[in-house]
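The chain contents come next:
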Amino acid sequence: MYQSSTLLRMLKWLAVIAAMCFALFPIFWMVSTSFKPIQEWSTYPPVWIPRQPTLENYLALLNPAALAGSHSIDYKVAETAWRPLLNSLIISTSATFFSVCFGTLAAYGVSRYKSGGESYPMFVLTVRMFPPIAVAVPMLVMYSFLHLTGTYVGLVLAYTAFTLPLSIWMIRSFIDEIPREIEEAAVVYGLSSIRAFWRVTFPLIRGALVATALFIYILNWSEFLFALSLTNGALTTVTVQVSNYFSASSGQLYGPQAALGTLSTIPVIFFGYLIQRHLVRGLTFGAIKR
Amino acid sequence: MKATVAANSTRNVEAQAEGIRPTLVQHIPFAVWLIVPAEIVLLSVVVFPTLMSLWLSLTSWTPTSGVNWWQAEFQWLANYVQLLFGDERFRAALLRTLLIVVVGVAAEISIGLSLALLFFDDFPWKKIAISAIILPMMIVPVDAANAFFMLFRDVGPVNQLVRILVGHPVRFAWLSDSNLAIVPILLVEIWQWTPLMFLMLLTGLMALPQNQLRAAVALGASRWQLFRRIILPLIAPVVVLSLVIRSVEIFKIFDPVYILTRGGPGTSTETLSMWMYDNGFVYFRIAYVAAAGFLVLLVVLAYVLLILRPLSRRTAAER
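Here is what the cut-offs are and how they apply
- Residues numbered from 1 in each chain as written.
- Chains lettered and ligands numbered in written order.
- Predicted model: local features only at pLDDT ≥ 70, side-chain atom pairs only at ≥ 80, totals over all residues.
- Helix = DSSP H or I, 4+ residues; strand = E, 2+ residues; numbered from the N terminus.
- Contact = placed C-beta atoms within 7 Å.
- Buried ≥ 20, exposed ≤ 12 C-beta atoms within 10 Å, placed from the backbone.
- Nonpolar A, V, L, I, M, F, W, Y, C, P; charged D, E, K, R; others polar.
- Core = buried A, V, L, I, M, F, W, Y, C linked by C-beta atoms within 7 Å.
- Domains from an automatic or database assignment.
- Expected span 1.5 Å × (residues − 1).

Visitor: I would appreciate a short explanation of the overall build of chain B in the present structure.
Guide: A count of helical and extended segments in chain B gives 13 helices and 0 strands. Across chain B, helices and strands are ordered from the amino to the carboxyl terminus as α-α-α-α-α-α-α-α-α-α-α-α-α. Taking contacts inside chain B between residues at least 6 apart in sequence as the whole, the part at least 24 apart equals 67%.

Here it is, written out as structure tokens:
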């Protein structure tokens, strides 16, 4: 619209590049640290690019036996990271599945039949305002009563419950975009309303449902507070496990922490870029659509 | 044969056509059935503990008091009074959290808006730049906090860069100085979520009516006038929405605080969530934390209404 002077354009590019560097630097640092051997963790001036890059940290996480007898300082990681990774996978997948299934049903109800009343959406939003930690405390009391602490069921239940409002909200905004007339036309052709939804609307929102599912998956995978509060030592997820890398002799084990961080973030980055277009809609509860 | 099929299907169709626009009396059951599974989960896991919380907040129960929670001694509003007037630490945590919310949101929106304006026009590798800038949003928050822990250590690159910029060896003890410890926490929050503001505002900017903008430029508006008089009012709703959504989320901030400082040297970075964690899971003052939870809900509601009221009045007046 405006013809920029070259100076202005240069400045603009500089600003963009600066923003990119700022955004990428911490991630770069985490990935770089994950390849550093122990002697490069705490030097001053700090090492930016490891001079002796190594896979030790990853091996410590995934295959400690391969480290036995290696030349570097002997740090034993308490347990391998396979269990937490598997736990995170199971819990996130189940919670996402239930959240999206129940959420779709409820969203259909709220969208087409105003189930739950006119103020249901407002109620849902208010639920987000309540600090989760305050709910976690009585939940722990309830869970210990029901022997659900540190179980898969307990965490899946908690995650499903806390992503349901978001799920309902998002899916409802997608269903709202499909005009009712299509379903009514299907009904005129002899389908029941449920089948009309299933055969007509559902295929139209399938892509959106996938995006919602991935979004909720990302939220579940990154969840920390409930994983911390509602589990004991037996069941850990990836997010909690990162804090466990602490040894009496070497202090915090930055290398394995960075390695686990890198590993656990890869799926999130991957899914995040897949649903890039829908991220804004998801994180603003469907209020802003592209 | 055909006649009966036709007659039946007409009856079916009539009965089922009503299913799309139900009268409340006829179809309450169906509508209710749809949300039953979701409601069961929500009721048991969210609503019940919240009600339990409400009950507990009016008592003085702790797990060590020897009775079951439903037999706890009733105390009316003693907890709330204590929190508001008697508990220094809670008030400090509340104010500190408010500070983080205000500073965080202000920074996120201003940086996000500036970036969005930069991306208004097209330029080569725009897509790549956007992908790079939104990467922070897709890092697991705990890992982002850990990365910032490594950055802000005494021997970390931030101190190194400060030394290069300032000249002589100045080392800030970012995470162990009670005055500075809040900076890394704020920075994690800003670093991770400014890209969201950026995306939201960019979406808002892209949706602006191009004709108005072109007309203004044709009529001789300068860049600044264009921004202040036309763009800003038009994206005000998006800004307000971003403000509200992000504020509500920052109020609950927990992951960075736990990972970076665990509440700070002493209690200097104790936010509301951290305070509740310590009181609930370390000191087991469960009834107290329950009361605090509801107080925080009220505070957040008040905050949101405070923001929305004058802003919606202004947009109504403009109309």
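The discussion continues.
Visitor: I tried to follow the overall build of chain A on my own but got confused; where do I start?
Guide: On a plain count of helices and strands, chain A comes out with 12 helices and 2 strands. Each helix (α) and strand (β) of chain A, taken in turn from the N terminus, gives the series α-α-α-α-α-α-α-α-α-α-β-β-α-α. Counting every position in chain A, which comprises 290 residues, the buried fraction comes to 50%. Across chain A, every contact between residues at least 6 apart in sequence was considered, and the portion connecting residues at least 24 apart equals 69%.

Visitor: Explain the interface of chain A and chain B to me, please; I cannot follow it from the model alone.
Guide: Note: interface size is frequently given as the accessible area lost on complex formation between the parts. The interface of chain A with chain B comprises 80 residues on the first partner and 81 residues on the second. Among the elements that line the side of chain A that touches chain B, the one with the most residues is helix H1 (residues 6-34) of chain A, at 12 residues. A per-class count over the side of chain A that touches chain B returns 53 nonpolar, 21 polar and 6 charged.

Visitor: Help me understand helix H6 (residues 141-151) of chain B, please; the structure alone is not making it clear to me.
Guide: Most of H6(B) sits inside the fold, with 11 of its 11 residues counted as buried. Those residues of H6(B) not exposed but buried are Pro141(B), Val142(B), Asp143(B), Ala144(B), Ala145(B), Asn146(B), Ala147(B), Phe148(B), Phe149(B), Met150(B) and Leu151(B). Each element contacted by the buried residues of H6(B) is listed here: H1, helix H10 (238-241) and helix H11 (254-274) of chain A together with helix H7 (157-166), helix H8 (182-206) and helix H11 (255-260) of chain B.

Visitor: Explanation requested: the nonpolar core in the structure shown.
Guide: One recurring pattern in soluble globular proteins: nonpolar side chains tend to sit buried together. Grouped together as the largest cluster of nonpolar side chains are 162 residues, with contacts concentrated most on Ala134(A), Ala158(A) and Phe148(B). In contact with Phe148(B), other than residues within four places in its own chain, are Pro26(A), Pro184(B), Leu187(B), Val188(B) and Leu260(B).

Visitor: What exactly am I supposed to notice about the domain arrangement of chain A here?
Guide: All names here are of chain A. Considered domain by domain, chain A is made up of domain 1 (6-67) and domain 2 (82-283). Facing 13 residues of domain 1, the contacting portion of domain 2 comprises 10 residues. Counting only elements with at least two residues in the side of domain 1 that touches domain 2, the list comes to H1 and helix H2 (56-62). When residues of the side of domain 1 that touches domain 2 are assigned to their parent elements, the largest contribution, 6 residues, is made by H2.

Visitor: Honestly, the domain arrangement of chain B in this entry has me stumped. Any pointers?
Guide: Taken domain by domain, chain B holds domain 1 (2-57) and domain 2 (78-318). Taken together, the contact pairs 4 residues of domain 1 of chain B with 7 residues of domain 2 of chain B.

Visitor: Can you help me understand helix H5 (residues 132-146) of chain A in this one?
Guide: Every α-helix winds through 3.6 residues per turn, so residues three or four apart in the chain are directed the same way. Residue and element names in this part refer to chain A. Compared with an ideal rise of 1.5 Å per residue, which puts 15 residues at 21 Å, H5 spans 20 Å between its outermost C-alpha atoms and is within 8% of the ideal. Within H5, 11 of the 15 residues are buried, which leaves the element mostly enclosed by the surrounding structure. Among all positions of H5, only Pro132, Ile133, Ala134, Val135, Ala136, Val137, Pro138, Met139, Leu140, Val141 and Tyr143 are buried. Taken from the residues just after H5, His147 is the one with a positive phi, measuring 55 degrees.

Visitor: Whenever I open this one, unusual backbone geometry confuses me. Can you help?
Guide: Only a minority of non-glycine residues have a phi that is not negative, and only a minority of peptide bonds are not trans. A cis amide bond, omega 0 degrees, links Tyr44(A) with the succeeding residue Pro45(A). Mapped onto the secondary structure, Pro45(A) falls in the loop between H1 and H2. A positive phi angle, close to 45 degrees, is found at Trp125(B), a residue other than glycine. Residue Trp125(B) is classed as exposed on the basis of its C-beta count, with 12 C-beta atoms lying within 10 Å.

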